[in-house]
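# Report on the structure
Letter by letter, the chains look like this.
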Amino acid sequence: MNPIFKHGPSPQHRLVLVLFCSALLIFFDHKMASFESVRGYLQSLVSPLQYLANTPKQLMIWTSTNLTTRQQLLIENQQYRLNELNFHEEAMQLDILKQENARLRSLLASPLRSEIKKMVAEVISVDSDPYSHQIVINRGAGDGVYEGQPVLDALGIVGQILHVGQTSSRVILISDISHAVPVRVQRNGLRLLASGSGQIDRLTHNFVPQSADIKAGDLLVTSGLGGKYPEGYPVAKVSFVSNDESREFVRVFSTPVAQIDRLRYLLLLSEKEPQQIFAPKTRKKVSLTNVKAQTKAAN
Amino acid sequence: MFAHNGIIIFFTLLIALMASIMPMPLNADAFRPDWVLIVLMYWCMALPGRVNIITAWVMGFLLDVLLGSVLGVHAAAMAISIYIIVENHQKIRNFSIWQQALITGVLAALYHLVVFWLQRFLIDVVFLTSYLYPVITTIVLWPWIFYLLRKVRRNFSIK
């Protein structure tokens, strides 16, 4: 049935209605941040779509991994063996150093560093919105992912968890314009802030004084100051330092160490007990009291 | 919505949503056409009684969730672009396919600019001309999508 005279509200009324809804949503989501938990549920709701959209890529990866020649496999295998040998040797050294570090720290009566737990995740979709740099990974609250969890790849820091769904979650990258990481120069310990610039290969550093000892090629590592990222992971390499002394501050740009444009496998680090947004509220209290008890014991 | 094979409309929109988040190489990603907008435009022109501004807003909202932008931004832009189609659907129906493609381009540009303005208002993003590259691919895509969806509509006799 296709009526000539339409029933229901006119297009103008509908437009005003939906624009009003949009304005409300934008206000409450952006200014009040009152959709944080709803976002988690929405993320879970749309994750089947994301998994489906990812299948063509998965198929291509599957075929390409299954169609490698014997020769290639042999070469790769040899490479891995060599790598393993190197890493084993380094791991042996690391054990000794860890023990030594713990002993020295106990001598200095400074708190011992807690062991960092790791979890491997895979990228299932890359955000196609040009205004923000985000990716979606295949781990969610069910695997113990929590908001603000640091994410890295094999080379360096990639970003942190933004929204958590049940089976997938969203990562904001360090190159996003609204993201910043507290870093220090590895060479001399100079503290900086690495803010995203919206370009995938550039981080900017504001408010660096003219007297700062920084030069192109310096490695920037996390300083652990914000409490989000653990200390000492590489973030970026300084790519450009302006030597214009008429300005108040030096302009410093750096390039992320992690290969942000070709991410596939990621590591999620966790130091504390995961706080699930889907879990009952009683659990939170228990973990809080645990923390209090621990701090008391430590004091 | 689901009478007279209306479920097919729902499926085409779902596929469009999937196409707009499908992972692509970084160079091709800048040229990703606005799948959801283009499919919505066809259905609004062909069946304005079935697909309307509310549908467009809901699809935009889903895009917001999928893309992780501030909720309501893509929804508002989508609703505004589709409103223009709904108001003028009888005129646009009679245009030739290339004139329609040009209108599609104008609307896609409007859509991207509205999204940009809202984002600019919320977070300080800078305008790059690459934000308007999808307009080109959208114009090129329109005739193909038009004939494809018309075939689908006639085949399943969606009314």
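Structure report, in brief. Please read all numbers here as calculations on a predicted model, not as lab measurements.

Conventions used here
- Every chain is numbered on its own, with residues counted from 1 as its sequence reads.
- As a convention, the first chain written is A and the first ligand written is 1, with the rest following in written order.
- In keeping with the model being predicted, local features are shown solely for residues with a pLDDT of at least 70 and side-chain atom pairs are shown and tallied solely at 80 or more, while totals for entire chains, interfaces and linings include all residues.
- With hydrogens and water set aside, each side-chain value is computed from the structure's full complement of heavy atoms.
- Here a strand pair is declared whenever DSSP counts at least two bridges between the two strands.
- Think of it this way: any DSSP run of H or I at least four residues long counts as a helix, any run of E at least two long counts as a strand, and we number them from the N terminus.
- The patches described consist of residues with a relative accessible area above 30% and no salt bridge, like charges being joined within 9 Å and nonpolar side chains (Val, Leu, Ile, Met, Phe, Trp, Tyr) within 5 Å.
- Areas reported here follow the Shrake-Rupley algorithm with a probe of radius 1.4 Å; residue values treat only the protein chains shown as occluding.
- What counts as a salt bridge is simple: a side-chain nitrogen of Lys or Arg found within 4 Å of a carboxyl oxygen of Asp or Glu.
- Stacked, edge-to-face and tilted are the three classes for Phe, Tyr and Trp ring pairs, Trp counted by its six-membered ring, which pair at centre distances within 6.5 Å; planes under 30 degrees apart are stacked, over 60 edge-to-face, the rest tilted.
- Between buried and exposed lies partly exposed: a residue is buried under 20% and exposed over 50% of the maximum accessible area for its type, with that area taken using a 1.4 Å probe on protein chains only.
- A ring has a charge above it when a Lys NZ or an Arg CZ is no more than 6 Å from the ring centre and no more than 35 degrees off the ring normal.
- Cysteine sulfur atoms that pair up within 2.5 Å are treated as a disulfide.
- Here, nonpolar core means buried Ala, Val, Leu, Ile, Met, Phe, Trp, Tyr and Cys residues that are tied together by side-chain atoms lying within 4.5 Å of each other.
- Any pair of residues with heavy atoms lying within 4.5 Å of one another is described as a contacting pair.
- Axis geometry follows a simple rule: fit a line to the C-alpha atoms, using only the stretch in contact for helices, then measure angles between N-to-C directions, giving values from 0 to 180 degrees.
- Buried area is understood as the total, over both parts, of accessible area removed when two parts are fitted together, assessed with a 1.4 Å probe.
- Whenever a nitrogen or oxygen atom comes within 3.5 Å of another N or O atom, the pair is scored as a polar contact, on the condition that within protein one atom can donate a hydrogen and the other can accept it, and that pairs from neighbouring residues in sequence are kept only if both atoms are in side chains.
- Amino acids are sorted into nonpolar (Ala, Val, Leu, Ile, Met, Phe, Trp, Tyr, Cys and Pro), charged (Asp, Glu, Lys and Arg) and polar (every other residue, Gly among them).
- By this rule, a helix spans an expected 1.5 Å times one less than how many residues it contains.

### Description of the pairing of strand S1 (residues 117-126) of chain A
Residues and elements named next belong to chain A. Strand direction decides the pairing type here: S1 and strand S12 (residues 265-270), joined by six bridges, are antiparallel. Among the inter-strand pairings, Met-119 is bridged to a residue of S12, identified as Leu-268. Here S1 pairs with strand S2 (residues 134-137) via three bridges, running antiparallel. Opposite Val-126, over in S2, you have Ile-135 as the bridge partner.

### Section: a nonpolar patch on the surface
The grouping of Phe-20, Leu-24, Phe-27, Phe-28 and Met-32 of chain A at the surface amounts to a nonpolar patch, some 490 Å² of accessible area in total. By secondary structure assignment, the location of Phe-20 of chain A is in helix H1 (residues 11-31).

### Concerning the packing of aromatic side chains
Here the structure, examined in full by the defined rule, presents 15 aromatic pairs over all chains. For the pair Phe-127 of chain B and Tyr-131 of chain B, a centre-to-centre distance of 6.0 Å together with 85 degrees between the ring planes defines the contact as edge-to-face. According to the relative accessible area criterion, Phe-127 of chain B is partly exposed, its value standing at 34%. For Tyr-131 of chain B, a relative accessible area of 10% corresponds to the buried category. These aromatic residues form a ring-pair network of at least three members: Tyr-42, Trp-43, Trp-142, Phe-146 and Tyr-147 of chain B. Positioned above the aromatic ring of Phe-253 of chain A is the side chain of Arg-202 of chain A, whose terminal nitrogen or guanidinium carbon lies 4.2 Å from the ring centre.

### What about the state of the cysteines?
Tallying each qualifying case throughout the model produces zero disulfides over all chains. Sulfur of Cys-21 of chain A: no disulfide; nearest cysteine sulfur belongs to Cys-44 of chain B and is 17 Å away. Look at Cys-21 of chain A and you get partly exposed, because its relative accessible area is 29%. Among the residues examined, Cys-44 of chain B registers a relative accessible area of 0% and is labelled buried.

### So, the nonpolar core
Counting 71 residues, the largest nonpolar core has Val-36, Leu-40, Trp-43, Met-78, Ile-82 and Trp-142 of chain B as its most contacted members. Looking at this core, the elements that each hand over two or more residues are H1 and helix H2 (36-66) of chain A together with helix H1 (6-19), helix H3 (35-46), helix H4 (53-67), helix H5 (73-87), helix H7 (97-122) and helix H8 (133-155) of chain B. For this core, the element with the most residues is H3 of chain B, which contributes 11 residues. Excluding its chain neighbours within four sequence positions, the residues that come into contact with Val-36 of chain B are Ala-16, Leu-17, Ser-20, Met-59, Leu-63 and Met-78 of chain B.

### A closer look at the sheet that holds S12 of chain A
All names here are of chain A. Spatial ordering of the closed barrel is given by S1-S2-S5-S4-S3-S12, a layout of six strands whose pairing is antiparallel. When strand polarity is set aside, the average angle formed by the axes of neighbouring strands in this sheet is 45 degrees. Those strands touched by H2 are S1, S2, strand S4 (157-164) and strand S5 (169-173), and its axis lies near 70 degrees from that of S1.

### Considerations on the pairing of strand S10 (residues 234-241) of chain A
Alignment of strand S9 (residues 219-222) of chain A against S10 of chain A, held across three bridges, turns out to be antiparallel. The residue of S10 of chain A that forms the bridge with Leu-219 of chain A is Lys-237 of chain A.

### Digging into the interface of chain A and chain B
In many reports, interface size means the accessible area that the parts give up when they come together. Contacts between the two partners involve 40 residues from chain A, matched on the other side by 46 residues from chain B. For the pair chain A and chain B, the summed buried surface comes to about 3,700 Å²; carbon and sulfur atoms form 72% of the total. Counting across the chain A and chain B interface gives zero salt bridges. On the surface where chain A and chain B come into contact, there are 12 residue pairs in polar contact (both at pLDDT 80 or more). The set of elements that each furnish at least two residues to the side of chain A that touches chain B consists of H1, H2 and S1 of chain A. Of the residues that constitute the side of chain A that touches chain B, the class distribution is 21 nonpolar, 10 polar and nine charged.

### Describing H4 of chain B
Residue and element names in this part refer to chain B. Over its 15 residues, H4 extends 21 Å from the first C-alpha to the last, a length consistent with the 21 Å expected when each residue adds 1.5 Å. Counting buried positions along H4 yields 12 of 15 residues, so the element is predominantly enclosed. Of the positions making up H4, those classed as buried are Ile-53, Thr-55, Ala-56, Trp-57, Met-59, Gly-60, Phe-61, Leu-63, Asp-64, Val-65, Leu-66 and Leu-67. Its side-chain oxygen at 3.0 Å from the backbone nitrogen of Ile-54, Asn-52 defines the N-terminal cap of H4. Where H4 ends, the next residue or the one after it, Gly-68, has phi of about 75 degrees, a positive value.

### Notes on the pattern of salt bridges
All names here are of chain A. Summed over the entire model, instances satisfying the criterion amount to eight salt bridges over all chains. For Asp-218, the salt bridge goes to Arg-187, with nearest N and O atoms at 2.7 Å. Here the residue Asp-218 occupies a position in the loop between strand S8 (203-209) and S9, and Arg-187 occupies one in the loop between strand S6 (180-185) and strand S7 (191-196), the gap between them amounting to 31 residues. The exposure class of Asp-218 is buried, given its relative accessible area of 5%.

### Description of the environment of Leu-193 of chain A
Residue and element names in this part refer to chain A. Within the secondary structure, Leu-193 is located in strand S7. On the basis of relative accessible area, Leu-193 is assigned to the partly exposed category, the value being 45%. For the pair Leu-193 and Ala-180, spaced 13 residues apart in sequence, the C-alpha separation works out to 6.6 Å. Excluding anything up to four places from it in sequence, Leu-193 contacts Ala-180, Val-181, Pro-182, Val-183, Thr-204, His-205 and Asn-206.

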